[in-house]
Amino acid sequence: MIVMKFGGTSVGSPERIKSVVNLVNDDKRKIVVLSAMSGTTNVLVKISELFYSGNKDVTAEIDRLENKYATVINELFGTEEYKHKGRKLVKERFDLLRSFYGVAFDAVAERAVLAQGELLSTTLTHLYCEESGINSVLLPALNFMRIDKNAEPDNYYIKEQICRELKSYPEVKLFITQGFICRDANGEINNLKRGGSDYSASLIGKAINAEEIQIWTDIDGFHNNDPRFVENTKAIRELSFDEAAELAYFGAKILHPASVWPAQEANIPLLLKNTMEPQAPGTVISSKTEEEGIKAIAAKDDITAIKIKSGRMLMAYGFLRKVFEVFESYQTPIDMITTSEIAVSLTIDNITHLDRIAQELRLYGNVEIDRNMTIICIVGNNIMNSKDSIAKVFKALDNVPVRMVSYGGSRHNISILTDSEHKADALNQLSKYLF
Ligand code: ADP
Ligand code: ASP
Ligand code: MG
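Within any chain, residue numbers begin from 1 and follow the written order of that chain's sequence. Chain letters and ligand numbers both follow the written order, the letters beginning at A and the numbers at 1. It should be noted that, the model being predicted, local features are given only for residues of pLDDT at least 70 and side-chain atom pairs only at 80 or more, the latter also being counted only at that level, while totals for whole chains, interfaces and linings use all residues. Excluded from the side-chain calculations are hydrogens and water; all other atoms, namely the structure's heavy atoms, are used.

**A word on the pairing of strand 9 (residues 270-274)**
Spelled out, the test is: To sort residues, take the accessible area from a 1.4 Å probe on protein chains only and compare it with the maximum for the residue type: under 20% means buried, over 50% means exposed, and anything in between is partly exposed. A run of DSSP states H or I qualifies as a helix once it reaches four residues; a run of E qualifies as a strand once it reaches two. Both are numbered from the N-terminal end. Only strands that DSSP links by at least two bridges are regarded as paired with each other.
Burial within strand 9 is extensive, with 5 of its 5 residues counted as buried. The alternating pattern of strand 9 places Leu270, Leu272 and Asn274 on one face and Leu271 and Lys273 on the opposite face, and all of these are buried. Summarising the sheet, strand 7 (residues 212-217) and strand 9 pair through 5 bridges and their orientation is parallel. Within strand 9, the residue paired with Ile213 across the bridge is Leu270. Relative to strand 10 (residues 283-286), strand 9 is paired through 3 bridges, and the arrangement is antiparallel. Note on strand 10: the bridge partner recorded for Leu270 is Ile285.

**Some details on the pattern of salt bridges**
Under the convention used in this document: Salt bridges are counted wherever a side-chain nitrogen of Lys or Arg sits within 4 Å of a carboxyl oxygen of Asp or Glu.
What the rule picks out here adds up to 23 salt bridges. The salt bridge involving Lys307 is made with Glu368; its shortest N-O contact spans 4.0 Å. Taken as a pair, Lys307 in strand 11 (residues 293-309) and Glu368 in strand 14 (residues 366-381) lie far apart in primary sequence, 61 residues in all. With relative accessibility at 24%, the residue Lys307 sits in the partly exposed group. Put simply, Lys46, Glu61 and Arg64 are held in one network by salt bridges that share partners.

**Notes on the site of ligand 2**
Formally: Whether a residue is near a molecule or strand is decided by its heavy atoms; if any one of them lies within 4 Å of it, the residue is near. Surface accessibility follows the Shrake-Rupley procedure with a 1.4 Å probe radius. Residue values consider only the protein chains on display as shielding. In this classification, Asp, Glu, Lys and Arg are treated as charged, Ala, Val, Leu, Ile, Met, Phe, Trp, Tyr, Cys and Pro as nonpolar, and every other residue, Gly included, as polar.
By nearness alone, every residue bordering ligand 2 is listed as Ser35, Ala36, Thr41, Glu118, Phe180, Arg194, Gly195, Gly196 and Ser197. Relative to its unbound accessible area of 260 Å², ligand 2 is 86% covered by the protein chains. For the shell around ligand 2, the class distribution of residues is 2 nonpolar, 5 polar and 2 charged.

**As for empty space enclosed by the protein**
Empty space among the atoms can be located by rolling a probe the size of a water molecule over them. Our working rule: Definitions used for this entry: grid spacing 1 Å over protein atoms alone; cavity, a set of points where a 1.4 Å probe fits but cannot get out; pocket, an open set with protein on both sides within 12 Å along at least 5 of 7 lines; lining residue, one with an atom within 4 Å of a point. Grid points are joined across faces, edges and corners, and a volume is the space filled by probe spheres set on the points.
A full pass over the atoms with the stated rule returns 1 cavity of 30 Å³ or more. In this model, the largest cavity occupies a volume close to 40 Å³. Contributing to the lining of the largest cavity are Val20, Val21, Val24, Val32, Leu34, Thr125, Cys129 and Ile176. Contributions of two or more residues to the lining of the largest cavity are made by helix 1 (14-24), strand 2 (30-34) and helix 6 (116-131). Here the element with the most residues in the lining of the largest cavity is helix 1; it accounts for 3 residues.

**Remarks on the site of ligand 1**
Note the cut-off: Definition of a polar contact: a pair of N or O atoms within 3.5 Å, with one able to donate and the other able to accept a hydrogen when the atoms are protein atoms, and with sequence-neighbouring residues admitted only if both atoms are side-chain atoms.
Neighbouring residues of ligand 1: 15 residues in total, closest Lys5, Thr217, Asp218, His223 and Lys253. The backbone of His223 places a nitrogen or oxygen atom 2.8 Å from a nitrogen atom of ligand 1. When ligand 1 sits alone it has 570 Å² of accessible area, and the protein chains cover 87% of it. Considering only residue class, the shell around ligand 1 consists of 4 nonpolar, 6 polar and 5 charged.

**Re helix 8 (residues 197-207)**
Helix 8 sits mainly inside the fold: 10 of its 11 residues count as buried. Listed in full, the buried residues belonging to helix 8 are Ser197, Asp198, Tyr199, Ser200, Ala201, Ser202, Leu203, Ile204, Gly205 and Ala207. Just downstream of helix 8 lies Asn209, where phi reads positive at about 50°.

**Concerning the nonpolar core**
Using the following cut-off: Here, nonpolar core means buried Ala, Val, Leu, Ile, Met, Phe, Trp, Tyr and Cys residues that are tied together by side-chain atoms lying within 4.5 Å of each other.
Ranked by size, the top nonpolar core spans 103 residues in total, and within it Phe6, Ile31 and Leu255 carry the most contacts. For this core, the element with the most residues is helix 3 (residues 58-76), which contributes 7 residues. Counting residues in each nonpolar core, the second largest holds 18 residues, with Ile294, Ile297, Ile414 and Ile416 among its members.

**Topic: the layout of surface pockets**
The calculated volume of the second largest pocket comes to roughly 250 Å³. Around the second largest pocket, the lining residues are Val45, Glu110, Arg111, Leu114, Ile147, Ala151, Phe180, Asn190, Asn191, Lys193 and Arg194. Put simply, the parts of the chain that give the lining of the second largest pocket at least two residues each are helix 5 (107-114) and strand 6 (189-191). Residue classes in the lining of the second largest pocket are distributed as 5 nonpolar, 2 polar and 4 charged.

**Considering the sheet that holds strand 7**
Sheet strands pair via backbone hydrogen bonds, and the direction of the pair is either parallel or antiparallel. Defined as follows: Interaxial angle, 0 to 180 degrees, is taken between N-to-C directions of lines fitted to C-alpha atoms, where a helix line uses only the stretch in contact. Contact criterion: two residues are considered in contact whenever any of their non-hydrogen atoms come within 4.5 Å of each other.
Here we have 8 strands laid out as an open sheet, ordered 3-4-2-1-7-9-10-8, and mixed in their pairing. Strand pairing shows two members of the sheet lacking a second neighbour, strand 3 (136-139) and strand 8 (238-240), which therefore form its edges. Direction aside, neighbouring strands of the sheet carry axes that sit 20° apart on average. The pairing of strand 1 (residues 2-6) with strand 2 spans 5 bridges and is classified as parallel. Among the inter-strand pairings, Lys5 is bridged to a residue of strand 2, identified as Val33. Across the face of the sheet, helix 6 comes into contact with strand 2, strand 3 and strand 4 (174-178) while running at roughly 160° to strand 4.

**Brief notes about the pairing of strand 13 (residues 343-348)**
Within strand 13, 6 of the 6 residues are buried, which leaves the element mostly enclosed by the surrounding structure. Of the two faces of strand 13, the one carrying Ala343, Ser345 and Thr347 and the one carrying Val344, Leu346 and Ile348 are both buried. As paired strands, strand 11 and strand 13 are joined by 6 bridges and run antiparallel to one another. By the bridge assignment for strand 13, Ile306 is matched with Leu346. Here 3 bridges tie strand 12 (residues 337-339) to strand 13, and the two strands are oriented antiparallel to one another.

Next up, the structure:
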């Protein structure tokens, strides 16, 4: 079996939904994972904010989104019978949204609101398959996708449930399910964070031991730099799991940060493809490692740098352990770290507990905090071995104030920390010197 995931743009209009159905309608047995139609999750986020603040504009916002879906139905379905069925499905989802009006709105309600986009796109696509005479089964992700109390996927449960569902339909070739949404340890609706449909696809691929996990999106594969900030970036044909995981974790938006790991653990190739250009080769991510050298650059924003300066204690053994324990006790991962004789600098992106972390760190030294930083991550196979890679990076960043550098942590990564205002310049300069 294979898994094929289609992102928001790929199902962003009735035309696109029809192309997707065309693409998946062959003899190969597959699970198709769909995102919400592009723009929908953003509107649902806005609707949640309006619910939280008790703002009356929420009804107008819900109406606007519902009208958009009314147009989708008119264009997607050919017959009055199916337009009617489509309207019924959409009404159910919007009745649910409106049911939050006037009641206390909390995080549980918010997650139910955010789930409606994927529920809409999948039920409409499934209904369109039915109208077109294509046999497909809708697998509700809320029946098998689950995270535990640490927000980690419950792999055993996912595998057991999904395999049981698949067994009940031995003849069926096409299964459709929602990306992004899941249940949590309390059985409530939750999600795998923004962009999480990639992660859903990878978790499903691992659970069914798929031959391949295909991520279909609006670009012809993984590019060597962020195309939103740099012109003339190029698609990379092959990446290793380690390289792709690093790039995704450090901000390459084309993949959810955690989406490479399940595929890597199960050694299932990930193929990135362009829905608008299905013949283009795309990018294969696999365990294969190719020639040495720098392959790609990514950037992760909203980073906070923390410097702890302590003349007395730093070189004393046990100091770093105490510092790390502070972050551990607030379940806050550290991304980058550098040390000198009198100070240690590190970065985090989750600032939920920043005040308390800073307060505890002050027991060990003077603490300085810089917000709005960006990590720029330069990735390639064995860049440590290619003698001039670090020289080229520094040359490229001649005019960019660099706050931290991390080199040697792994064989395939150089990370730089800079103020976010220098990000675009740094990415462009690096592209110019490295590619
Ligand atoms: P989808 O909705 O299909 O999940 P996303 O918008 O999440 O699509 O991801 C695709 C987008 O990621 C591209 O349109 C591109 O702008 C952006 N992107 C950022 N970095 C990269 C990169 N290194 N390679 C390709 N695309 C990238
Ligand atoms: N619809 C969700 C989002 O917009 C999940 C996804 O598209 O991957 O973040
Ligand atoms: Mg995405």
